[in-house]
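# Tertiary structure, described
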Amino acid sequence: MLVLIADKFEQSGQDGLNAIGCKVSYQPELKDEKLVAAIQAHQPDVLVVRSTKVTEPMMAAGPIKLVVRAGAGFNTIDVAAASRRGIYVSNCPGKNSIAVAELVNACPIISWISSILPSRTRRASLSAMPSAR
């Protein structure tokens, strides 16, 4: 099974695919017409992307059976076109959960800083003003 990875993808993921017997073609620079041409040339069974848009012409260019988004959601994949062509679409929910957790934990800190910063800035600017005598 040939897997075309057309976006940045961790080496450990590529190693895992190789370990289960997949042939991996890693070409993270492919976009638009170059991706269509690569699909025509390599005839992959699986297409893996992160933020690259996957359009109907890309799906029509080869025997793709599965499109995987290495991330949450399907907003970069033309799911209706995939459905018409009998192509399965999958994603990796939770893949970015650590980044989300970091953001959630940082929000109270950012909120606190933004609440005290205006008053501190005002006090600092008032204390820098010459006093009227």
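You'll find the structure just up there.
What comes next is a walk through the structure. (Residues numbered from 1 in each chain as written. Predicted model: local features only at pLDDT ≥ 70, side-chain atom pairs only at ≥ 80, totals over all residues. Heavy atoms only, no water.)

### Some details on helix α2 (residues 32-42)
Looking at α2, one finds that the buried residues are Leu35, Val36, Ala38 and Ile39. Across the axial projection of α2, the buried residues extend over an arc of 165 degrees, all falling on one side. Set apart from the buried face of α2 by more than 90 degrees, the exposed residues are Glu33, Lys34 and Ala41. Lining the buried residues of α2 we find β1 (2-5), β3 (46-49) and α3 (56-60). (Buried < 20%, exposed > 50% of the residue type's maximum accessible area, 1.4 Å probe, protein only. Helix = DSSP H or I, 4+ residues; strand = E, 2+ residues; numbered from the N terminus. Arc of directions from axis to C-beta. Contact = heavy atoms within 4.5 Å.)

### A closer look at the layout of surface pockets
Computed from the structure, the largest pocket encloses a volume of approximately 250 Å³. Lining the largest pocket are 14 residues, with Phe9, Gly13, Val48, Ala70 and Cys92 sitting closest to its centre. When residues of the lining of the largest pocket are traced back to their parent elements, those giving at least two are α1 (11-19) and β3. Residue classes in the lining of the largest pocket are distributed as 10 nonpolar, 1 polar and 3 charged. (1 Å grid on protein atoms, 1.4 Å probe; cavity = no way out; pocket = protein on both sides within 12 Å on 5 of 7 lines; lining within 4 Å. Points joined across faces, edges and corners; volume = space filled by probe spheres on them. Nonpolar A, V, L, I, M, F, W, Y, C, P; charged D, E, K, R; others polar.)

### Some thoughts on the environment of Lys31
Inspection of the secondary structure assignment puts Lys31 in the loop between β2 (23-26) and α2. Along the primary structure Lys31 and Asp7 are separated by 24 residues, whereas in three dimensions their C-alpha atoms are 8.7 Å apart. What Lys31 contacts, discounting residues up to four positions off in sequence, is Ala6, Asp7 and Thr52. A distance of 3.3 Å separates a polar atom in the side chain of Lys31 from the backbone oxygen of Pro28. Here Thr52 takes part through its side chain, which lies 3.0 Å from a polar atom of the side chain of Lys31. (Polar contact = N/O pair within 3.5 Å; in protein donor to acceptor, adjacent residues only side chain to side chain.)

### Describing the pattern of salt bridges
Scanning all chains against the criterion turns up 4 salt bridges. Asp7 serves as the salt-bridge partner of Lys31, at 3.7 Å between the closest nitrogen and oxygen. In this pair, Lys31 is assigned in the loop between β2 and α2 and Asp7 in the loop between β1 and α1, connecting sequence segments 24 residues apart. Look at Lys31 and you get partly exposed, because its relative accessible area is 33%. Between Glu56 and Arg85 there is a salt bridge, with the nearest N and O atoms lying 3.7 Å from each other. Note that Glu56 is positioned in helix α3 and Arg85 in helix α4 (residues 79-85), a separation of 29 residues in sequence. On the accessibility criterion, Glu56 (26% relative accessible area) is partly exposed. Taken together, the shared-partner salt bridges in this structure form one network comprising Glu56, Arg84 and Arg85. (Salt bridge = Lys/Arg side-chain N within 4 Å of Asp/Glu carboxyl O.)

### Comments concerning unusual backbone geometry
In this structure, Asp32 takes a positive phi of about 45 degrees despite not being glycine. Inspection of the secondary structure puts Asp32 in helix α2.

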